Amino acid sequence: MRPLTDQEMKVVLDKLANYMSDLKSLIAPLEDGDRYVFRLNHNRVYYVKLSLANLATCVSRDALLSLGTCLGKMTKSGKFRLHITALPILARGARHKIWVKENGAQPFLYGSNIVKAHVGRWSEDCPEHQGCVVYSMADIPLGFGVTARIPP
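In the nomenclature of an unreviewed UniProt entry, the chain is known as 60S ribosome subunit biogenesis protein NIP7 of Humicola insolens.

Student: Which parts of the structure should I look at to understand the pairing of strand E9 (residues 141-146)?
Tutor: Strand residues, when the strand is regular, have side chains that alternate between the two faces of the sheet. Across five bridges, strand E8 (residues 131-136) lies against E9 in antiparallel orientation. Paired with valine 134 across the two strands is glycine 143, which belongs to E9. Once E8 ends, the chain turns through four residues before running back antiparallel as E9, passing aspartate 139 with a positive phi of about 60°.

Student: What is the right way to read the sheet that holds E8 from this model?
Tutor: Strand-to-strand pairing in sheets goes through backbone hydrogen bonds, with the strands running parallel or antiparallel. The sheet built from four strands is open, its strands ordered E7-E6-E8-E9 with mixed pairing. Edge positions in the open sheet fall to strand E7 (119-122) and E9, since each of these has one partner strand only. With direction set aside, neighbouring strand axes in the sheet form an average angle of 25°. Judged from the four bridges that link them, strand E6 (residues 97-100) and E8 form a sheet pairing that is parallel. Considered in E8, the bridge of valine 100 is made with serine 136. Strands in contact with helix H5 (residues 102-109) are E6, E8 and E9; relative to E9, the strand with the most contacts, it is inclined by about 65°.

Student: Looking at this structure, how should I read the side chain of serine 136?
Tutor: Of note, serine 136 is situated in strand E8. Relative accessible area serves as the criterion here: at 9%, serine 136 is assigned to the buried category. When residues no more than four places from it in sequence are discounted, the contact partners of serine 136 are Trp99, Val100 and Leu142.

Rules of the game
Here the residue numbers are simple positions, counted from 1 along each chain's written sequence. The predicted origin of the model limits local features to residues at a pLDDT of at least 70 and limits the giving and counting of side-chain atom pairs to 80 or more, whereas totals for whole chains, interfaces and linings rest on all residues. Excluded from the side-chain calculation are hydrogens and water; included are all heavy atoms of the structure. At least two bridges found by DSSP between two strands are what make those strands a pair. Helix and strand definitions follow DSSP, with helices as H or I runs of at least four residues and strands as E runs of at least two, each counted in order from the N terminus. Lines fitted to C-alpha atoms define the axes, with helix axes restricted to the stretch in contact, and inter-axis angles between N-to-C directions lie between 0 and 180 degrees. Throughout, a contact is declared for two residues whenever any of their heavy atoms are within 4.5 Å. We call a residue buried when its accessible area falls under 20% of the maximum for its residue type, exposed when it is over 50%, and partly exposed in between, using a 1.4 Å probe and counting protein chains only.

So, in structure tokens, the structure goes:
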């Protein structure tokens, strides 16, 4: 497990900036003096406490399967793809939100797009082609995606 290079960190933070409003809260120090860091292992990017990452250095890279929260995967071409395991972190600082009615939650979870009839409400300044987090009407995060067009 190694720290991200500057280029990898830029790619990851650019992707997270599409969904989150405040990236400084991701790496800000905690009350106990610890902080969260990004680490790379087997082309997967993990979000983990620094104290836990330091303890994991005694485990070989091949033997270490996972540590912390998996944010996504670095592709061979250098791009970053978010995984659904990053949803709790994205939901904490989501810039744009869409709430889906009860009858639209199930089709969304099975992979369908959200149609206009299923939208309960959305954040006011939701632009086109911008990342958003999808919630149920009970404020439970269901997933994330990209808006296709501006809601009227």
